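Each chain is listed here by its residues.
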Amino acid sequence: MSITLRTLTGDSLTGEITPAGDKSISHRTIILGSLAEGTTRATGLLEGEDVLRTIGAFRAMGAEIVRQGPGQYEITGQGVDGLKEPGDVLDMGNSGTAMRLLSGLLASQPFYSVLTGDHSLRSRPMGRVVTPLRKMGARITGRDGGRLAPLTIEGGELVPITYESPVASAQVKSCVLLAGLNTAGETTVIEPAPTRDHTERMLTAFGAEVERDGLKVTVDGWPELKAQSIEVPADISAAAFPMVAALITPGSDIIIRNVGMNPTRTGILALLDLMGANIERINERNAGGEPVADLHVRYSELRGIDAPREVAPAAIDEYPIFFVAAALADGVTEARGIEELRVKESDRISAMAKGLTALGAEFTEYPDGARIVGNPNGLKGGATVDSDTDHRIAMSLLVAGLRCAEPVTVTRCDNINTSFPGFATSMGALGMRVEEVAEPQS
Ligand code: S3P
C-alpha cells in the first residue's frame with residue numbers, strides 16, 4: 001500500500017502555520033546529544049521518519065533517548081568515545097543525512113557497524129564520504145567499490161586530515177568533522193562553496209573547538225561535549241511549501257511561525273525576492289544559536305528570473321517548490337549549476353520535469369538545471385503524477401495543484417512523513433484542500 005493524495009483547486013490561504021521542526025538541526029541534536037556528557041533537552045524536534053531513524057540508531061548504540069512530549073526529548077549521552085557496538089544493521093531508511101553523518105562518526109568508533117537504507121538511499125552516491133574517510137585510514141566498504149550502501153565499517157583509530165571537498169555538501173563536511181571528533185589532532189574541511197553550517201554551530205555550542213575561516217573549518221579531536229538545551233526552529237525547507245502556496249494563490253495572506261533563518265539556508269527567500277514575492281520577516285530573534293523569524297506571506301504576481309548560481313547551496317532542497325513558483329510566474333525562469341538535484345532522494349530535475357509537464361507547464365531539462373516558461377493564468381492539471389517516492393516532489397506537485405484548473409493526484413506520497421508529518425492537515429488548516437485517494441482494491 002502506498003499513499004495517494006489529491007489537491008483540489010484552491011481558495012485563498014489564510015491563517016497561521018508552524019511547520020515541522022528543522023530536519024538538519026534535529027539530526028544533529030540527536031547525534032551531539034548522544035556524544036555529550038549529561039542530558040540534552042530538545043524542544044521542537046522533528047518527529048519525521050528520517051530523524052526517528054537517527055534516534056533508533058543511537059538507541060541501538062547505547063544512548064538514552066526519552067520522548068517527553070510532542071517534539072520534546074531528553075538525550076543522555078556517554079561521551080565522544082562512549083557508544084557501543086550496535087547489535088544489528090543500522091537502517092537509515094530514506095535519510096541521506098543520517099547515513100552520511102553516521103558513516104563519519106562510526107568510522108572512528110572501535111567497533112563494527114553496517115549502514116543500510118531504502119531503495120532510494122541505496123542508490124545515492126556514498127563515494128563522496130567514503131573517499132575522505134579512507135584518507136583518514138577508515139576501513140569502510142560498500143557495494144560498487146564503496147560507492148553505494150550498504151556500507152560496512154570496521155571502526156578504529158583514524159588520522160586527522162585536511163580535506164578539500166570537490167562537492168559543496170554539508171553532509172560531506174559534517175561526515176569528516178564527526179570523524180575528526182574521536183580522532184587526535186585537527187581535522188579540516190575546505191568546501192568549494194559555503195553550505196549549511198548547523199554542525200559547526202552546534203559543535204561550538206556543545207563546547208568543541210571549531211575554527212572557521214572562510215570556506216575552511218577545523219575541529220579539534222577529543223573534545224568534552226557538554227549537554228545543552230536546544231530549541232529546534234521550524235524548517236525553512238518545510239516552510240517553503242506554505243510560502244509558495246500562498247504566493248501563487250490569489251487572495252492569500254498567511255503567517256509562518258518560528259522559521260529558521262540561518263543565512264546558509266535562506267536561498268529560497270533570495271530567489272522568491274527576485275521574483276517579486278511579498279514576504280515580510282517579522283519578529284526576528286535568536287533561538288539556541290540559530291536566527292529565527294516569523295514570515296508574513298501574501299499572494300504576489302511573480303515574474304520569471306535567472307536564478308543566480310551562487311544561491312544554489314543555500315536553496316538546494318527548495319528547487320522543486322521554486323520550479324512550481326516559476327511555472328506560475330510571468331516570464332521565463334532559468335536555473336543552472338544545480339546538478340546536485342539529480343542525486344537527492346530522487347532525480348529532482350527529471351521528477352519535476354515529468355510532473356509539471358504532465359500538469360501543462362513548459363519545462364525544459366538541462367543536465368545541470370531547468371528552463372521553465374511560466375503561465376500566470378494557471379496550469380491545466382487533471383493528471384495523476386508520481387512523486388518518485390520523494391517527499392519534496394510530492395509536496396511540490398500537491399502545491400502546484402492549487403493553481404490547476406482540474407485536481408492533481410500525486411502517487412507514492414508516504415515519504416512526506418520523512419520531513420513534514422501532518423503536511424496535509426497543516427496545509428488544510430490554511431485552506432488548501434488535500435485529500436487521500438483510496439487505492440483501487442486488487
Ligand atoms: C543536509 C544537507 C544537504 C541537504 C539535505 C540535508 C544536511 O545535502 O540537501 O537535505 O542536513 O546536512 P548535501 O550535503 O548532500 O547537499
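Predicted, not measured: the structure shown is a model, and the values here were computed from it.

## Digging into the site of the ligand
Around the ligand lies a shell formed by Ser 24, Arg 28, Thr 97, Arg 100, Ser 169, Ala 170, Gln 171, Arg 196, Ile 316, Asp 317 and Lys 344. At 2.7 Å, a side-chain N or O of Ser 24 approaches an oxygen atom of the ligand. In this structure, Asp 317 approaches the ligand through a side-chain N or O atom, which is 2.6 Å from an oxygen atom. When the free accessible area of the ligand is taken as 380 Å², the share hidden by the protein chains comes to 95%. Taken together, the elements giving at least two residues each to the shell around the ligand come down to α1 (23–35), α3 (96–107) and α6 (170–181). Split into classes, the residues belonging to the shell around the ligand amount to 2 nonpolar, 4 polar and 5 charged.

## What to know about the side chain of Asp 390
Structurally, Asp 390 can be placed in the loop between β23 (384–386) and α13 (391–400). For Asp 390, a relative accessible area of 0% gives the class buried. In this structure the side chain of Asp 390 is engaged in a polar contact, spanning 2.8 Å, whose partner is the side chain of Arg 348. Dropping the residues within four chain positions of it, Asp 390 is found in contact with Glu 345, Ser 346 and Arg 348.

## Section: the UniProt feature "domain: Enolpyruvate transferase" (unreviewed entry) in the protein
Per the UniProt record, "domain: Enolpyruvate transferase" (unreviewed entry) is found at residues 10–425. Taken end to end, residues 10–425 has its terminal C-alpha atoms 15 Å apart, with 32% of it in helix and 28% in strand.

## Quick notes on the domain arrangement of the protein
Split into domains, the protein comes out as domain 1 (4–21 + 234–437) and domain 2 (23–221). Between domain 1 and domain 2, the C-alpha centre-to-centre distance is 29 Å. Listed by partner, the interface residues are 24 residues for domain 1 and 24 residues for domain 2. Across the domain 1 to domain 2 interface the summed buried area is about 1,900 Å²; carbon plus sulfur atoms make up 46%. Its largest share of buried area at the contact with domain 2, domain 1 owes to Arg 265, Glu 345 and Thr 418, together 26% of the area lost on that side. There are 3 salt bridges connecting domain 1 and domain 2. With a shortest N-O distance of 3.8 Å, Arg 124 and Glu 345 are connected by a salt bridge. In this assembly, domain 1 and domain 2 are joined by 13 residue pairs in polar contact (both at pLDDT 80 or more).

## Some thoughts on the pattern of salt bridges
In a structure, side chains of opposite charge can pair up when their charged atoms sit close to one another. A full pass over the atoms with the stated rule returns 33 salt bridges. For Arg 196, the salt bridge goes to Asp 317, with nearest N and O atoms at 3.2 Å. Linking Arg 196 in the loop between β11 (186–190) and α7 (198–205) with Asp 317 in the loop between α10 (312–315) and α11 (319–327), this pair joins segments that are 121 residues apart in sequence. The exposure class of Arg 196 is buried, given its relative accessible area of 12%.

## A short note on the sheet that holds strand β26 (residues 433–437)
The sheet built from 4 strands is open, its strands ordered β23-β25-β1-β26 with mixed pairing. This sheet does not close on itself; its edge strands, each paired only once, are β23 and β26. Averaged over all neighbouring strand pairs, the angle between strand axes comes to 30°, with direction disregarded. In this structure, β23 lies alongside strand β25 (residues 408–411), joined through 3 bridges in parallel fashion. When the bridges of β25 are listed, Val 385 appears paired with Val 410.

## Let's talk about the nonpolar core
By size, the foremost hydrophobic cluster in this structure holds 145 residues, and its most contacted members are Phe 323 and Leu 356. Here this core gets 11 residues from one element, more than from any other, and that element is helix α8 (residues 236–248). Domain assignment of the residues forming this core places at least three in each of domain 1 (4–21 + 234–437) and domain 2 (23–221). Not counting residues within four places of it along the chain, the set of residues in contact with Phe 323 comprises Ile 338, Leu 341, Arg 348, Met 352, Leu 356, Phe 363, Ala 370 and Ile 372.

## Concerning the pairing of strand β12 (residues 210–213)
Of the strand pairs in this sheet, β12 and strand β13 (residues 216–220) are connected by 4 bridges, and their pairing is antiparallel. Paired with Val 210 across the bridge in β13 is Val 219. What sits between β12 and β13 in their antiparallel hairpin is a turn of 2 residues, with Gly 214 showing a positive phi close to 60°.

## Some details on the sheet that holds β13
The sheet built from 4 strands is open, its strands ordered β10-β11-β13-β12 with mixed pairing. With partners counted over all chains shown, the strands left at the sheet margins are β10 (162–164) and β12, one partner each. Sheet twist, expressed as the average angle between the axes of neighbouring strands with direction ignored, equals 15°. Inspection of the sheet shows β10 paired to β11 by 3 bridges, in the parallel sense. Residue pairing in the sheet places Thr 162 in a bridge with Thr 188 of β11. Relative to β11, α6 is tilted by about 175°, and along the sheet it contacts β10, β11 and β13. The strands touched by α7 are β12 and β13; relative to β12, the strand with the most contacts, the crossing angle is about 140°.

Parameters and conventions
Residues numbered from 1 in each chain as written. Predicted model: local features only at pLDDT ≥ 70, side-chain atom pairs only at ≥ 80, totals over all residues. Heavy atoms only, no water. Near = heavy atom within 4 Å. Polar contact = N/O pair within 3.5 Å; in protein donor to acceptor, adjacent residues only side chain to side chain. Areas by Shrake-Rupley, 256 points an atom, 1.4 Å probe, with all protein chains shown as cover. Helix = DSSP H or I, 4+ residues; strand = E, 2+ residues; numbered from the N terminus. Nonpolar A, V, L, I, M, F, W, Y, C, P; charged D, E, K, R; others polar. Buried < 20%, exposed > 50% of the residue type's maximum accessible area, 1.4 Å probe, protein only. Contact = heavy atoms within 4.5 Å. UniProt positions renumbered as here; feature names shortened; annotations may be inferred. Domains from an automatic or database assignment. Buried area = accessible area lost by both parts, 1.4 Å probe. Salt bridge = Lys/Arg side-chain N within 4 Å of Asp/Glu carboxyl O. Pairing = 2+ DSSP bridges. Axes fitted to C-alpha atoms, helices over the stretch in contact; angles between N-to-C directions. Core = buried A, V, L, I, M, F, W, Y, C linked by side-chain atoms within 4.5 Å.

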